[in-house]
Amino acid sequence: MTHDPIYSHLRELSWRRKLSNAEEAELRNWLAAHPEAEADWQAEAGLNAGLGRLADVPVPSNFTARVLQAVEREAVADLRRPQGKWLTWLWLRWLPKAAFAAVIVGVGLLSFHQVQAAHRKKLVESVAAVSAVSSLPGSDILRDFDAIRALNPTPAPDEQLLAVLQ
Amino acid sequence: MLLVKQGDAAAFTELVEKYKQPVMNVAYRMLHDAMEAEDLAQAVFVQVFKSAHRYQVSSKFSTWLFTIARNLCLNEIRRRTRHRAESIEAPHPEQEDQPLRQFEDKQTASPPERLLHGELKAKIEEALAELPENQRLAIVLCRQEELSYEEIARVLGCSVSAIKSLIHRGRETLKEKLKPYLRSGAWGAPE
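All values derive from a computational prediction rather than experimental measurement. (Residues numbered from 1 in each chain as written. Chains lettered and ligands numbered in written order. Predicted model: local features only at pLDDT ≥ 70, side-chain atom pairs only at ≥ 80, totals over all residues.)

Draft legend 1. Structural detail: the overall build of chain B. Scanning chain B for helices and strands turns up 9 helices and 0 strands. For chain B, the succession of helices and strands along the chain, N to C, is α-α-α-α-α-α-α-α-α. Taken across its 191 residues, chain B has 35% of its residues classed as buried. For chain B, long-range pairs separated by at least 24 residues make up 62% of all intrachain contacts whose partners lie at least 6 apart in sequence. (Helix = DSSP H or I, 4+ residues; strand = E, 2+ residues; numbered from the N terminus. Buried ≥ 20, exposed ≤ 12 C-beta atoms within 10 Å, placed from the backbone. Contact = placed C-beta atoms within 7 Å.)

Draft legend 2. Molecular detail of the overall build of chain A. Looking only at helices and strands, chain A has 7 helices and 0 strands in total. Beginning at the N terminus, the succession of helices and strands in chain A can be written as α-α-α-α-α-α-α. Counting across all 166 residues of chain A, residues that qualify as buried make up 10%.

Draft legend 3. How the structure looks around the packing of helix α6 (residues 133-142) of chain B against helix α8 (residues 160-177) of chain B. Residue and element names in this part refer to chain B. Contact pair α6 / α8: the axes reach a minimum separation of 8 Å and the direction vectors enclose 100°. The orientation of α6 relative to α8 falls into the category roughly perpendicular. Of α8, the residues touching α6 (which contributes Asn134, Gln135, Arg136, Ala138, Ile139 and Cys142) are Ile163, Leu166, Ile167, Arg169, Gly170 and Arg171. Across the contact of α6 with α8, the residue classes tally to 6 nonpolar, 3 polar and 3 charged. (Axes fitted to C-alpha atoms, helices over the stretch in contact; angles between N-to-C directions. Parallel < 35°, antiparallel > 145°, perpendicular 65-115°, else oblique. Nonpolar A, V, L, I, M, F, W, Y, C, P; charged D, E, K, R; others polar.)

Draft legend 4. Main features of the confidence of the model for chain A. On average, chain A scores 85 in pLDDT, and the residues at 70 or more come to 92%. At the low end of the mean pLDDT range in chain A sits helix α6 (residues 145-150) of chain A, at 82; at the high end sits helix α2 (residues 21-33) of chain A, at 93. (pLDDT = per-residue confidence, 0-100.)

Draft legend 5. Focus on the interface of chain A and chain B. Each partner contributes to the interface: chain A provides 31 residues, whereas chain B provides 40 residues. Where the side of chain A that touches chain B is concerned, the elements lending two or more residues are α1 (5-16), α3 (38-52) and α4 (63-80) of chain A. In terms of residue count, the dominant contributor to the side of chain A that touches chain B is α3(A) (9 residues).

Draft legend 6. Structural detail: the environment of B:Ser59. Residues and elements named next belong to chain B. Relative to the helices and strands, Ser59 is located in the loop between α3 (34-50) and α4 (61-83). Taking the number of C-beta atoms within 10 Å as the measure of exposure, Ser59 has 12 and is therefore exposed. Remark: the alpha-carbon pair of Ser59 and Glu151, spanning 92 residues in sequence, is separated by 9.3 Å.

Draft legend 7. Structural detail: the confidence of the model for chain B. All names here are of chain B. On average, residues of chain B score 81 in pLDDT, and 76% of them reach the 70 mark or higher. Within chain B, α8 carries the highest mean pLDDT (93), whereas helix α1 (residues 2-5) carries the lowest (70). Here the predicted complex scores 0.65 on pTM and 0.75 on ipTM.

Draft legend 8. Focus on the packing of α4(A) against α3(B). At a closest axis distance of 9 Å, the pairing of α4(A) and α3(B) adopts a crossing angle of 50°. When the axes of α4(A) and α3(B) are compared, the pair comes out oblique. The crossing of α4(A) and α3(B) is right-handed. Contacts between α4(A) and α3(B) pair A:Arg66, A:Val67, A:Ala70, A:Val71 and A:Glu74 from the former with B:Gln42, B:Phe45, B:Val46, B:Phe49 and B:Lys50 from the latter. Partitioning the contact of α4(A) with α3(B) into residue classes produces 6 nonpolar, 1 polar and 3 charged. (Left-handed = near helix turned anticlockwise from the far one by under 90°.)

Draft legend 9. Layout of α3(A). In a regular helix each residue adds 1.5 Å, so 15 residues correspond to 21 Å; α3(A) covers 21 Å between its end C-alpha atoms and thus fits that length. Residues of α3(A) that are buried include every one of A:Trp41, A:Ala43, A:Glu44, A:Ala45, A:Gly46, A:Leu47, A:Asn48, A:Gly50 and A:Leu51, and no others. (Expected span 1.5 Å × (residues − 1).)

Draft legend 10. Broad picture of the nonpolar core. Ranked by size, the top nonpolar core spans 44 residues in total, and within it B:Val23, B:Ala27, B:Ala69, B:Ala138 and B:Leu141 carry the most contacts. Contributions of two or more residues to this core are made by α4 of chain A together with α2 (9-31), α3, α4, α6, α7 (149-156) and α8 of chain B. Looking at this core element by element, the count peaks at 11 residues for α2(B). Leaving out residues up to four positions away in the same chain, B:Ala138 has contacts with B:Ile152, B:Leu156, B:Ile163, B:Leu166, B:Ile167 and B:Gly170. One finds B:Leu120, B:Leu131, B:Leu174 and B:Leu182 within the second-largest nonpolar core, a separate group that totals 11 residues. (Core = buried A, V, L, I, M, F, W, Y, C linked by C-beta atoms within 7 Å.)

Draft legend 11. Seen up close, the environment of B:Thr63. Residue and element names in this part refer to chain B. Assignment of secondary structure puts Thr63 in helix α4. As for Thr63 and Ile152, which are separated by 89 residues in sequence, their C-alpha atoms are 7.3 Å apart. Excluding its chain neighbours within four sequence positions, the residues that come into contact with Thr63 are Glu151, Arg154 and Val155.

This is how it looks when you write it as structure tokens:
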């Protein structure tokens, strides 16, 4: 078998249809220059002829009428069971998706609810802790708060004493 | 097809008339059972009518039609594989030496010639039947002059180079199996 582009092209054309006179002449010229491909071409041509001779499969004379009847039957059947068909379509196509979406939404809502409940519980606990304190000091204790705060709470280090200690 | 999309029954009848033969040929060569091929061809046209609204005007009708035929053929072949159903006309193990069904030869005249060509055709049908499905379909569609390699590629869902490779491999197998007949020149020159 040859991979020559001219031969390959003509051979591929011959697979689909009879070569035109010009193509046939081109092939003959090419084969004259490449006699080693003659046997391959003979086999190709023989197979083309064989495939070309395959008979058409007989089609019954009432084939078209039967197709039209079948189409009519289908149309009537579709009209008779539109709801059933719609439900089947819905069941097969959308119900699984809808169920999956519902599960996701349900899990989301449940999680949100639980987070909210936990938050509320913490709040209640902290309020209870505050209310458990029996007495708080009166507001008088805070009267001089700012003045006391402004005072330097730690005296300056006694440098001399530190030196003696060392 | 545009008229069929609008529900024109006459246009649909015309389409069926035009394409029933090529669809039957493809179905028979894929299924090797005349009755099943007939039922399948009918199903193909019913499907065409039902799916007419989905037909894209940009694609060629025959490409779309043979794509439907191919899908239904493959479904049927898969169903057979699953159920291991044997049709009445399919060769039974004890009949494996018998040729596949032959159809009337309208191209040859004399009885001896018919006999010879009948035998040769049976051999070709047998060799074709033994090819893998995609190679067989590519070769059968290749004989539909209406379809280009690009269109055959679209029907089979692969590239043009892949189609040519499939056809080439299929034909190599056929040439190998039919070597004695090809050598004898019994089929003569290409028509």
